[in-house]
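# Structure assessment
If you want the building blocks of each chain, they are given just below.
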Amino acid sequence: MLQEKFWGYRYIWKSFQDEYKFGSSADLGLSAAYRIADWISADAIVVNGEGYKKIQAGDGLNYGLGVTLTPVKGFQIRLYGGLNERGEKGGKAIKNMAAFMGYKHEKFTIGAEYNYMMNASHKENADQNGYSVFASVNLPKKVSLYARFDDLYSKNDWNIAKDESTVILGAQFKLGKYVKIAPNFRTAMPKADGAESKYSAYVNCYFGI
């Protein structure tokens, strides 16, 4: 997922699509990609539609088509559309649309994405939309700073109990080649009337080989 690669901190917080169930970053199925020219490529998928941890329970699959543009080095634009066929009898097909724009430099990264989902959980008129903007800066001595803002909405407030805005601020320290430590602060601001904002602090660790 291009957005996830640009964000670069999945072990701290998933990409918008993954975090809010607009789509999974991994699934069972087939995918194909073709580079039309140096500046444009297209890709398509046919997958399970329920994530790689679940076996297909109902009829239908998840189809997706994306186009990625690279007008200049480091700058990418992506457009994506998907159709997840009904899983259970009587369910509605889930339709996804997404747009992303990002620029990656050796010293900094910025990105923004917008997502729209129709018939969430295969329920008619259960539409959701939202956007995410993020940035990171690489400092000397293997230190980086990052910030992100997510905003999630539901059509006619049908999912108001879970609609929220989220702010993440933090730093990452690379301790050698395989270890990362990332202290961060998060603020969750629910959209429901009377709901109070939540403030929290974390220290996330990554160990890789």
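Counting from 1, residues in each chain are numbered in the order their sequence is written. Owing to the predicted nature of the model, reporting of local features is limited to residues with pLDDT of at least 70; listing and counting of side-chain atom pairs is limited to 80 or more, with chain, interface and lining totals taken over all residues. Note that the side-chain values use all heavy atoms of the structure and ignore hydrogens as well as water.

### Notes on the packing of aromatic side chains
The pairing test for Phe, Tyr and Trp rings, Trp by its six-membered ring, is centres within 6.5 Å, and the orientation test on the planes gives stacked under 30 degrees, edge-to-face over 60, and tilted for anything in between. Under the criterion given, the structure shown has eleven aromatic pairs. The rings of Phe6, Trp7, Tyr9, Phe100, Phe134 and Tyr146 are connected pair by pair, giving a single aromatic cluster. Criterion for a charge above a ring: Arg CZ or Lys NZ at most 6 Å from the ring centre, at most 35 degrees from the ring normal. Seen from the ring of Phe6, Lys104 lies directly overhead, with NZ or CZ sitting 5.2 Å from the centre.

### Side note on empty space enclosed by the protein
Each cavity reported here is a set of points on a 1 Å grid over the protein atoms alone in which a 1.4 Å probe fits but cannot get out, each pocket an open set with protein on both sides within 12 Å along at least five of seven lines, and each lining residue one with an atom within 4 Å of a point. Grid points are joined across faces, edges and corners, and a volume is the space filled by probe spheres set on the points. Under the counting rule described, the total for this entry stands at one cavity of 30 Å³ or more. Here the largest cavity defines a volume of roughly 30 Å³. Lining of the largest cavity is provided by Gln3, Trp7, Ser15, Phe16, Glu113, Ser132, Phe134 and Arg148. Helix numbering and strand numbering both begin at the N terminus, where a helix is a DSSP run of H or I of at least 4 residues and a strand a DSSP run of E of at least 2. Secondary structure elements with two or more residues in the lining of the largest cavity: α1 (2–7) and β7 (128–139). Side-chain classes are defined by residue name, with Ala, Val, Leu, Ile, Met, Phe, Trp, Tyr, Cys and Pro counting as nonpolar, Asp, Glu, Lys and Arg as charged, and the others, Gly among them, as polar. Of the residues assigned to the lining of the largest cavity, the class counts are three nonpolar, three polar and two charged.

### A look at the nonpolar core
Counting 19 residues, the largest nonpolar core has Trp7, Ile12, Trp13, Tyr20, Phe22 and Tyr146 as the members making the most contacts within it. Elements with a minimum of two residues in this core: α1, β5 (94–104) and β8 (143–154). Ranked by residue count, the leading element in this core is α1, at three residues. Put simply, buried Ala, Val, Leu, Ile, Met, Phe, Trp, Tyr and Cys residues joined by side-chain atoms within 4.5 Å make one nonpolar core. Throughout this description, buried means an accessible area under 20% of the type-specific maximum (1.4 Å probe, protein chains only), exposed means over 50%, and partly exposed covers the range between.

### Section: the pattern of salt bridges
Throughout this description, the term salt bridge denotes a Lys or Arg side-chain nitrogen within 4 Å of a carboxyl oxygen of Asp or Glu. Overall, the coordinates contain six salt bridges when judged by the stated rule. Between Glu4 and Arg10 there is a salt bridge whose closest N-O contact spans 2.7 Å. Residue classification places Glu4 among the buried positions, given a relative accessible area of 17%. Several salt bridges share partner residues, and in doing so they unite Glu4, Arg10 and Asp18 into one network.

### A short note on the pairing of β7
Should DSSP find at least two bridges between two strands, the strands are regarded as paired. With ten bridges connecting them, strand β6 (residues 108–118) and β7 associate as antiparallel partners. Counterpart to Gly111 in the pairing with β7 is Phe134. Looking at chain direction, β7 and β8 are connected through twelve bridges and run antiparallel. Each bridged residue has a counterpart across the sheet, and for Tyr131 the counterpart in β8 is Asp151. The antiparallel hairpin formed by β7 and β8 contains three residues in its connecting segment, where Lys141 sits at a positive phi of about 60°.

### Let's talk about the environment of Ile12
Mapped onto the fold, Ile12 is located in the loop between α1 and α2 (16–19). For Ile12, a relative accessible area of 5% gives the class buried. Note: C-alpha distance between Ile12 and Tyr206 (194 residues apart in sequence) is 8.9 Å. Note on definitions: a residue-residue contact is assigned when non-hydrogen atoms from the two residues lie within 4.5 Å. Residues within four places of Ile12 in sequence aside, it is in contact with Tyr146, Ala182, Asn184, Arg186 and Asn204.

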